[in-house]
Structure formats: C-alpha cells, structure tokens
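Here is how the chains run, residue by residue.
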Amino acid sequence: NTQSTQNVMKRRSGTPMLYLQMLLASVFVCGAIGYTMHITYKEKACTGTECTENTAPTAPERNYPIQYTYNLKATYHHSPGAFTQGLLYDPDQTDILYESSGMYGESDIRRVALKTGLVEKKTQLQGRFFAEGMCLYNNTLILITWRENTGFVYDKDTFKVLKTWTHDTEGWGLTHDNQSLIMSDGTQFIYFRDLDNPELVKRRIEVKDKRGNPIPYLNELEYIDGEIWANVWMREYVLRISPSDGRILGKVDLTGLSAKITTPQRDVLNGIAHDPKTGRIWVTGKYWEYLFEIEVIEKPPSSKKSKRKARRK
C-alpha cells in the first residue's frame, strides 16, 4: 500500500504541467463542441437512498425561417369594392371587423359584420387622401395615409376625427404591441412610433432574409403573439418577423386563396386580422369577394431522398 501510494504521488507530482495541458485541452474541445452540437446534461433523480442518472437533451435548434401552410377553416363574404389596406378584429365586440379601403376619391374606414360581410358603418376621407393601414388602440382607430404624410385618430364608435398627426415616410401598414405603434412604409424598414405621440419614432428595424438581403414592399401588418406578421406586396405569403431585430421567423404560404376570387378587378393579397382571445386568423385581398379564416400549420419537413428522386425523374 505504501509503495503504491508513493507511485501515485510520483505520477501526480512529476507531471503537473501535463495534467494542466490536458485539462485546458478538454475545456477547449468541449467549448467548441458546445457551439456546433446539441449538448446533453445529466441530472440525478433520487428516491430515498437510491439515485439514478437521467440524460435529457436540450431543445433542438430551429432552422429559420420556419415554413408554414394553412388549413381553410371558413369562408365569409367580403365587399368586392373594398381596396383593402388595413384589417382588424375587435375582441371587445362579437364578430366585428374594422377595415380601411384605399384609392383617391374612394378611401374610407368601415365597420363590417364578420358573418355577413355587410358594411354597418363607414366614413369617407377627403378625396386628396389615400387610406392605408389602420389599427385599434384604446377604443380609437388609428389610420395612416399613403403619400399625404397624414395620420388620423378616430373614435371607434362614432368615426369622429379626434386628432391628426404627421408621419415623415409613406404609409403602408400599421399595427401595435400595446407599447409602440408599428408602421411599414413599403421598404424593408419597420418603424416603432410612440403610441401617445405617433410623430415620435423610437426605433426601426430592417427586415432581411437569412442571406442578409433586404425584403422590401412590406405592406399590411398585424401583431400576433409577439411577432409582426406582414403582407408583402404582390406576394402570396405572409412573413412572420421578429420585432426585436427584423429576422424572418417564418413564412406562411397562402398559395391557392387568390384562385378562389372571381371579381374582374381582383388585386393582390392584403389584409390580416387576428382575435387575441381565440387565436382565430383571417386574411383577404384588394377587391376580393371573400374573407378567409385560416389555421396556420407548419409544413412537414421535406425529405432529401424524395428531392433526389424527383431530380432523377
């Protein structure tokens, strides 16, 4: 025993630098792996005096943007004369939508019955204004205009103009997150304005794809569960955007909806409404005769093998 102890002490004391180098190397390797692999951790589950070791993986990393498609839940009538710019659902009323419709000389805001599509109330803007995005905040409707740099605040019930304000860019889409007024201007930028003083821009984000290319023509906006959902002009999809840094978190493919529209003046997909109480989502377009309730679902992952087979064919 004494001899073996002395041998162990010699091995430990004789090569301290080697042990230190091995320790540093193992830390370096583990650190490097931690950036590129999923790390597992071990924990002990103890019952009485016995303990067993459990190994649990961390949550897998997602490959953004996540690709989504939809299930069509319901179809409602929608005014084919509406050049839809802003669309929103009022969670404090039963099946009521508010909508802004554009075009010079025809722009208006309206209250619409969801189930019938009937316009219950509307007020027209002066002919020199082209109505754009709109959102609902504290029983008021906030509206922006295209190139007139003018915003309006309306009483939700009477449609009386309470005040006007100025925005220094074009107006396209509008929503809010209860902290900021969130606005698009047809570029790749999204602006966060002060809710009480909309003329004050607090910050902005730039929306880019995963290669770093800017995504312009961001149009109608809706804030849903911590994300900004955005129509993109002339595209049949909706982007799900991180409000913190502009990353594209998801892409909702809405191919097939426009094919259901038969009106001769049918225009692009535009308009997203969301009920925060139930999670229901509706979409429509400019001069569309239908409003669609959809369920957004993740696309199944595509198989690399099936892609290779398809290429051979």
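Residues numbered from 1 in each chain as written. Predicted model: local features only at pLDDT ≥ 70, side-chain atom pairs only at ≥ 80, totals over all residues. Heavy atoms only, no water.

## Some details on empty space enclosed by the protein
Then, number 1: Inspection of the entire model under this criterion finds one cavity of 30 Å³ or more.
Then, number 2: Considering only enclosed or pocket space, the largest cavity measures out at about 40 Å³ in volume.
Then, number 3: In terms of lining, the largest cavity is formed by H77, H78, L87, L97, E99, V112, A113, L114, G117 and L291.
Then, number 4: The set of elements that each furnish at least two residues to the lining of the largest cavity consists of β5 (96-101) and β6 (108-113).
Then, number 5: For the lining of the largest cavity, a count of residues per class yields six nonpolar, three polar and one charged. (1 Å grid on protein atoms, 1.4 Å probe; cavity = no way out; pocket = protein on both sides within 12 Å on 5 of 7 lines; lining within 4 Å. Points joined across faces, edges and corners; volume = space filled by probe spheres on them. Helix = DSSP H or I, 4+ residues; strand = E, 2+ residues; numbered from the N terminus. Nonpolar A, V, L, I, M, F, W, Y, C, P; charged D, E, K, R; others polar.)

## A few points about the pattern of salt bridges
Then, number 1: Tallied over the full model, the rule gives 13 salt bridges.
Then, number 2: K299 is the partner of D253 in a salt bridge, and the nearest nitrogen-oxygen pair spans 3.3 Å. Of this pair, D253 sits in strand β19 (residues 248-253) while K299 sits in the loop between β22 (290-298) and α3 (304-312), and the two are 46 residues apart along the sequence.
Then, number 3: The class of K299 is partly exposed, set by a relative accessible area of 31%. (Salt bridge = Lys/Arg side-chain N within 4 Å of Asp/Glu carboxyl O. Buried < 20%, exposed > 50% of the residue type's maximum accessible area, 1.4 Å probe, protein only.)

## Some points on the packing of aromatic side chains
Then, number 1: Enumeration over the complete set of coordinates arrives at 13 aromatic pairs.
Then, number 2: Its end group placed over the ring of F189, R204 keeps NZ or CZ at 3.7 Å from the ring centre. (Phe/Tyr/Trp six-rings, centres within 6.5 Å; stacked < 30°, edge-to-face > 60°. Lys NZ or Arg CZ within 6 Å of the ring centre and 35° of its normal.)

## Points about the layout of surface pockets
The method is simple in principle: a probe with the dimensions of a water molecule rolls over the atoms, and the space it marks as empty is what remains.
Then, number 1: A volume near 490 Å³ is recorded for the second largest pocket.
Then, number 2: As for the second largest pocket, its lining consists of 26 residues, and the residues nearest its centre are Y89, P91, L136, H176 and P276.
Then, number 3: Elements represented by at least two residues in the lining of the second largest pocket include exactly β4 (84-89), β8 (131-137), β12 (174-176) and β16 (218-224).
Then, number 4: No other element matches β16, which puts five residues into the lining of the second largest pocket.
Then, number 5: A per-class count over the lining of the second largest pocket returns 13 nonpolar, six polar and seven charged.

## A look at the side chain of T284
Then, number 1: Relative to the helices and strands, T284 is located in strand β21 (residues 281-285).
Then, number 2: Given a relative accessible area of 0%, T284 falls into the buried group.
Then, number 3: The residues contacting T284, other than those within four sequence positions of it, are H78, T84, L87, L269, N270, G271, Y290 and L291. (Contact = heavy atoms within 4.5 Å.)

## With respect to the confidence of the model for the protein chain
Then, number 1: On average, residues of the protein chain carry a pLDDT of 84, and 77% of them reach 70 or more.
Then, number 2: Counting interchain partners and residues more than four positions distant, the pLDDT-below-50 stretch residues 1-59 has 29 contacts. (pLDDT = per-residue confidence, 0-100.)

## So, the environment of P264
Then, number 1: Position of P264 relative to the elements: it lies in the loop between β19 and β20 (269-274).
Then, number 2: Through-space distance from the C-alpha of P264 to that of W288 is 9.7 Å; in sequence the pair is 24 residues apart.

## Description of the environment of N149
Then, number 1: Structurally, N149 is set in the loop between β9 (140-145) and β10 (150-155).
Then, number 2: Separated by 17 residues in the primary sequence, N149 and T166 have C-alpha atoms spaced 5.5 Å apart.
Then, number 3: Apart from residues no more than four positions distant in its own chain, N149 is found in contact with W165, T166, H167, D168 and T169.
Then, number 4: Among the polar contacts made by the side chain of N149, one reaches the main-chain carbonyl oxygen of H167 at a distance of 3.0 Å.
Then, number 5: Within the structure, N149 has its side chain in polar contact with the backbone oxygen of T169 (distance 3.3 Å). (Polar contact = N/O pair within 3.5 Å; in protein donor to acceptor, adjacent residues only side chain to side chain.)

## Some details on the sheet that holds β5
Then, number 1: If you trace the four strands from one edge of the open sheet to the other, you get β4-β5-β6-β7, paired in antiparallel fashion. Each edge of the open sheet carries a strand with a single partner, namely β4 and β7 (119-124). Averaged over neighbouring strand pairs, the angle between their axes works out to 15° when direction is ignored.
Then, number 2: Judged from the six bridges that link them, β5 and β6 form a sheet pairing that is antiparallel. Bridge pairing in β6 places E99 opposite R110. (Pairing = 2+ DSSP bridges. Axes fitted to C-alpha atoms, helices over the stretch in contact; angles between N-to-C directions.)

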